[in-house]
Amino acid sequence: MDTEVRGLSEIDKKLDLEKRIRHLENELHVTKIERERITSNYYELIKKLENEVNDKTYELKLSRAELVKKNRQLQILFDSIPAIVYQKDNNLKYLQANVRFTNLFGFGNEDIIGKTDEELFYLGSHFDSTKDLEVIIHKKAILSCEEVLFDQMIGKRYFWVDRIPEIDQNGNLTSIIVLANDITSLKKSEDQRLEMEILLQNSKRMESLGLLAGGIAHDFNNILGRIIGYTEIAISSLKLNKDNLSATLEKILGASLSSTSIVKQLLAVGKKTEGKDINFHIIPIINNYIKILQPTFTPHVKITARLKAKNDVICGEPSQIQQIILNLCTNAFYATKDIGDTIQINLSEASISEEESQKLLLEKTGDYLIISVEDNGSGIPDSIKDSIFDPYFSTKGKEGTGLGLSVVHGIVQKMNGAVKVRNSVPRGTIFEIYIPATESLPIIHEAEEEYKSGTGNILFVDDVEDLNRIAGELLGKIGYNVITFCSGNEALNYFISNNKEIDMVITNLNMPDLRGDQLAEKILTIDPNMPVILTSGYTSEFTDEKVQLLGVRKVLLKPILFSELASTVADVFLHLA
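Residues numbered from 1 in each chain as written. Predicted model: local features only at pLDDT ≥ 70, side-chain atom pairs only at ≥ 80, totals over all residues. Heavy atoms only, no water.

A.B. asks: Before we move on, could you go through the pairing of strand E1 (residues 84–88) and cite the residues and values that matter?
C.D. replies: Most of E1 sits inside the fold, with five of its five residues counted as buried. Of the two faces of E1, the one holding Ile84, Tyr86 and Lys88 and the one holding Val85 and Gln87 are both buried throughout. For E1 and strand E5 (residues 173–182), the ladder comprises five bridges, and the chain directions are antiparallel. Bridging across to E5, tyrosine 86 finds its partner in valine 178. Where E1 and strand E2 (residues 94–97) come together, three bridges link them in antiparallel fashion. Residue pairing in the sheet places lysine 88 in a bridge with tyrosine 94 of E2. In textbook terms, the turn of a hairpin is the stretch between consecutive antiparallel strands, and for E1 and E2 this stretch comprises five residues, one of which, leucine 92, has a positive phi near 65°. (Buried < 20%, exposed > 50% of the residue type's maximum accessible area, 1.4 Å probe, protein only. Helix = DSSP H or I, 4+ residues; strand = E, 2+ residues; numbered from the N terminus. Pairing = 2+ DSSP bridges.)

So this is what it looks like as structure tokens:
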């Protein structure tokens, strides 16, 4: 029994094993089929993806080609704009520029992208970066600004510049676009037109100067006669030991200063002077000039003054107030010289309303100072009232130049004032000058000594020997050691050998061998810290910018009062300390 059972068990095991083998074979077959199916599906998926990628790649190639075409068209349009165009980011770094930019400055896009003006250009040779920054800060366009570029490569060129911010949909500034149109040729045409106008004006001015010669010669001869006469009196006083020498010399000085006023009129006609506007007290100017002017009139014509003002400060040139007083008083003198009497000068204050400003043709309302000059002559006929301010209009015949009232009118207009003229009762004429008052100035007490003294070695150069001798003597009296030369070249050679011993150089501008500005330039090349003062008969060619560029400390207009020279020398030395 046991043997049979064991035999059946073996058979069962064998059958079970075979069954299991067949089951595994079936499973392996199914797995193989599934694997083949999955593999087939995988390759189909890969193929499908490859086809989609190829399709997308083709579409991208088409889009890229279209984009390149569009970009090329935009670049052509960008470069064809008849203006310089460039784009900057928020940090003022270049993003792009058109061909006109690169042609002008010689930079390609690859040279400028990511760089600022400071990294690419010299100062003054690029467009104004501060205005670019202003657009970035305020997000507002700046249009039609005229700018000047100067570069060794491009020379001096003029542009109209527009700056436009680029704002995104969120209101943020992403960049600025700048367009600059070259208007150099237009400016040159305009300059040529102005030059022709100036030539025409100069031609007319020369014709007018010819007409002036007679009147100027007459006035100058009268003044020179006084100078000569008073000088002779001074000489005789010295010989006789008289005590009135000081008063006589004051009259000589007064006559001389009057002659400088005539020269200033002549230079004003020739446009050879140009001064600076400053704030100053007007009462001392008028009082001092009356003292100078009175001796030039005949004794039976007196000048009196009533000058009252709480604030007598105006903005302008003190010499122009002297011109106003000189011309109005001269007219008053001619009106009264035959009958004799008083020329009255008044100064008062007024608050001008809107209605009054319109009547007087003033630019603004507010506080004004009124200078009035009154005589007791025959008055001004109504028939000529409208002509008295015309250049060269005169009722004095050969004795007049016709410039006086025209000069007064021009000065007052420049100071934003007005001139009013009326006949007084019972006779005579009153001229009223309205000048805007400005803020008051602190009271400056005069120094106890007459001139500012000092020490130092001064090299003084002027081609007029008498001026060298006078400067040497007067500056020497207040402590300075003065070395003088009549030749610019000789002065330069002396300075080269002795520059360590020189503390200041004062040189005339117009000299025959070496101009004063050229001498100054050579001296400052040797010693850039050397203080240099220029003197000249006129200063129109010396603007503040030119003086600063040349490096001189001051330009003094001849004739120079010694007090002015001494004060200037002391001030320059003070600023060096």
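A.B. asks: Explain the packing of aromatic side chains to me, using residue names and the numbers behind them.
C.D. replies: Inspection of the entire model under this criterion finds twelve aromatic pairs. Clustering of aromatic rings is evident, with ring pairs tying together Tyr86, Tyr94, Phe101, Phe105, Phe107, Phe121, Phe127 and Phe159. (Phe/Tyr/Trp six-rings, centres within 6.5 Å; stacked < 30°, edge-to-face > 60°.)

A.B. asks: Give a description of the pattern of salt bridges that names residues and reports values.
C.D. replies: Inspection of every chain in the model, using the stated rule, returns eleven salt bridges. The salt bridge partner of aspartate 128 is lysine 131, with a shortest N-O separation of 3.2 Å. What makes aspartate 128 partly exposed here is its relative accessible area of 23%. A residue is classified by how much of its surface remains accessible, and lysine 131, at 24% relative accessible area, is partly exposed. A salt bridge links aspartate 132 to arginine 163; the shortest N-O distance between them is 2.5 Å. Of this pair, aspartate 132 sits in helix H5 (residues 129–138) while arginine 163 sits in strand E4 (residues 155–167), placing them 31 residues apart in sequence. The class for arginine 163 is buried, based on a relative accessible area of 0%. (Salt bridge = Lys/Arg side-chain N within 4 Å of Asp/Glu carboxyl O.)

A.B. asks: I'd love a proper account of helix H12 (residues 465–477), names of residues and values included.
C.D. replies: The terminal C-alpha atoms of H12 lie 18 Å apart, and with 13 residues this matches the ideal 18 Å at 1.5 Å per residue to within 8%. Every buried residue belonging to H12 is among Asn468, Ala471 and Leu475, and all of these are buried. Relative to the axis of H12, the buried residues are bounded by an arc of 70° and lie together on one face. In this structure, the buried residues of H12 make contact with strand E13 (457–461), strand E14 (481–485) and helix H16 (562–576). (Expected span 1.5 Å × (residues − 1). Arc of directions from axis to C-beta. Contact = heavy atoms within 4.5 Å.)

A.B. asks: Just give me the short version of the side chain of glutamine 320, but keep the residues and values in it.
C.D. replies: Positionally, glutamine 320 belongs in helix H9 (residues 318–336). Not counting residues up to four positions away in its chain, the partners in contact with glutamine 320 are Ile411, Lys414 and Met415.

A.B. asks: Please give an account of the nonpolar core that cites residues and values.
C.D. replies: Side chains of a nonpolar character, in soluble globular proteins, are inclined to be buried together. Counting residues in each nonpolar core, the largest one holds 37 residues, and the members touching the most others are Ile282, Ile286, Ile321, Ile325, Ile343 and Ile345. Put simply, the parts of the chain that give this core at least two residues each are helix H8 (282–293), strand E7 (301–307), H9, strand E9 (341–352), strand E10 (366–375), helix H11 (404–414) and strand E12 (429–436). In terms of nonpolar packing, the next biggest core, distinct from the first, is built from 23 residues, Leu149, Val161, Leu173 and Ala180 among them. (Core = buried A, V, L, I, M, F, W, Y, C linked by side-chain atoms within 4.5 Å.)

A.B. asks: Before we move on, can you summarise the environment of isoleucine 142 with the specific residues and values?
C.D. replies: You can see isoleucine 142 is positioned in strand E3 (residues 142–151). Exposure remark for isoleucine 142: the relative accessible area of 14% places this residue in the buried category. Distance from isoleucine 142 to valine 161, taken between C-alpha atoms, is 8.2 Å for residues 19 residues apart in sequence. In this view, isoleucine 142 contacts Lys131, Glu134, Val135, Val161, Asp162 and Arg163; residues no more than four positions away in its chain are not counted.

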